[in-house]
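Okay, here's what each chain looks like letter by letter:
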Number of protein chains: 2
Amino acid sequence: MSQTSTYTVTGMTCGHCVASVTEEVQEIQGVENVEVDLATGAVTITSANPLDDASVRAAVEEAGYQLA
Amino acid sequence: MSQTSTYTVTGMTCGHCVASVTEEVQEIQGVENVEVDLATGAVTITSANPLDDASVRAAVEEAGYQLA
């Protein structure tokens, strides 16, 4: 069974930014799918188990952006 | 002897965009240096010989942007 969490990321301005965030978040253990809405900054993550917020924050910051 | 030309590129929003344009323009034969000002869209190109505007336009479009 999977679960879905949505975070808001600030600072993304283009498709390259979306790709960077998607790539880093996908590397978190258990993540099955990542969808990013550039206009709103919403990052929706489907994962096999509950996500650790700190891991998501670290991945977003690794990509060069911030959680709202 | 080198020469410098400046073009204005529209649509760049972040450092990834700058990197994409720089990479494509650097591949034009004779180009020695490329500097991009994200805020103004100015792309300054130093080259060994006069640049063909059509080559610059093609490189910018290949990167996914437009000459102003």
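Parameters and conventions
- Residues numbered from 1 in each chain as written.
- Chains lettered and ligands numbered in written order.
- Predicted model: local features only at pLDDT ≥ 70, side-chain atom pairs only at ≥ 80, totals over all residues.
- Heavy atoms only, no water.
- Pairing = 2+ DSSP bridges.
- Helix = DSSP H or I, 4+ residues; strand = E, 2+ residues; numbered from the N terminus.
- Contact = heavy atoms within 4.5 Å.
- Axes fitted to C-alpha atoms, helices over the stretch in contact; angles between N-to-C directions.
- Least-squares fit on C-alpha atoms with pLDDT ≥ 70 in both.
- Buried area = accessible area lost by both parts, 1.4 Å probe.
- Polar contact = N/O pair within 3.5 Å; in protein donor to acceptor, adjacent residues only side chain to side chain.
- Nonpolar A, V, L, I, M, F, W, Y, C, P; charged D, E, K, R; others polar.
- Buried < 20%, exposed > 50% of the residue type's maximum accessible area, 1.4 Å probe, protein only.

K.L.:
Please give an account of the sheet that holds strand S2 (residues 31-37) of chain A that cites residues and values.
P.N.:
Residue and element names in this part refer to chain A. Taken in spatial order, the 4 strands of this open sheet run S2-S3-S1-S4, and their pairing is antiparallel. Here the strands that pair on one side only, and so sit at the sheet edges, are S2 and strand S4 (66-67). Against the sheet, helix H1 (residues 15-26) engages strand S1 (3-10), S2 and strand S3 (42-47), with an angle of about 160° to S2.

K.L.:
Run through the relation of the copies chain B and chain A, naming residues and quoting values.
P.N.:
Of the transformation superimposing chain B on chain A, the axial component is 0.0 Å and the angular component is 180°, with the fit at an RMSD of 0.0 Å. The superposition of one copy onto the other is thereby described by a two-fold rotation axis.

K.L.:
Provide a residue-level description of the interface of chain B and chain A, including the pertinent values.
P.N.:
Across the boundary between the two partners, chain B contributes 6 residues, which contact 6 residues of chain A. Taking both partners together, chain B and chain A bury about 420 Å²; carbon and sulfur atoms supply 57% of that area. Contact with chain A buries surface across chain B, with Thr13(B), Cys14(B) and His16(B) losing the most and accounting together for 79% of the total. Counting across the interface, chain B meets chain A through 4 residue pairs in polar contact (both at pLDDT 80 or more). Looking at the side of chain B that touches chain A residue by residue, the class counts come to 3 nonpolar, 3 polar and no charged.

K.L.:
Break down the environment of Ile45(B) for me, with residues and values.
P.N.:
Residues and elements named next belong to chain B. Assignment of secondary structure puts Ile45 in strand S3 (residues 42-47). When its relative accessible area of 0% is taken as the criterion, Ile45 is described as buried. In this structure the C-alpha to C-alpha distance between Ile45 and Ser55, which are 10 residues apart in sequence, comes to 12 Å. Each residue touching Ile45, except ones within four places of it in the same chain, is listed here: Gln3, Thr4, Ser5, Tyr7, Val25, Val31, Asn33, Leu51 and Val56.

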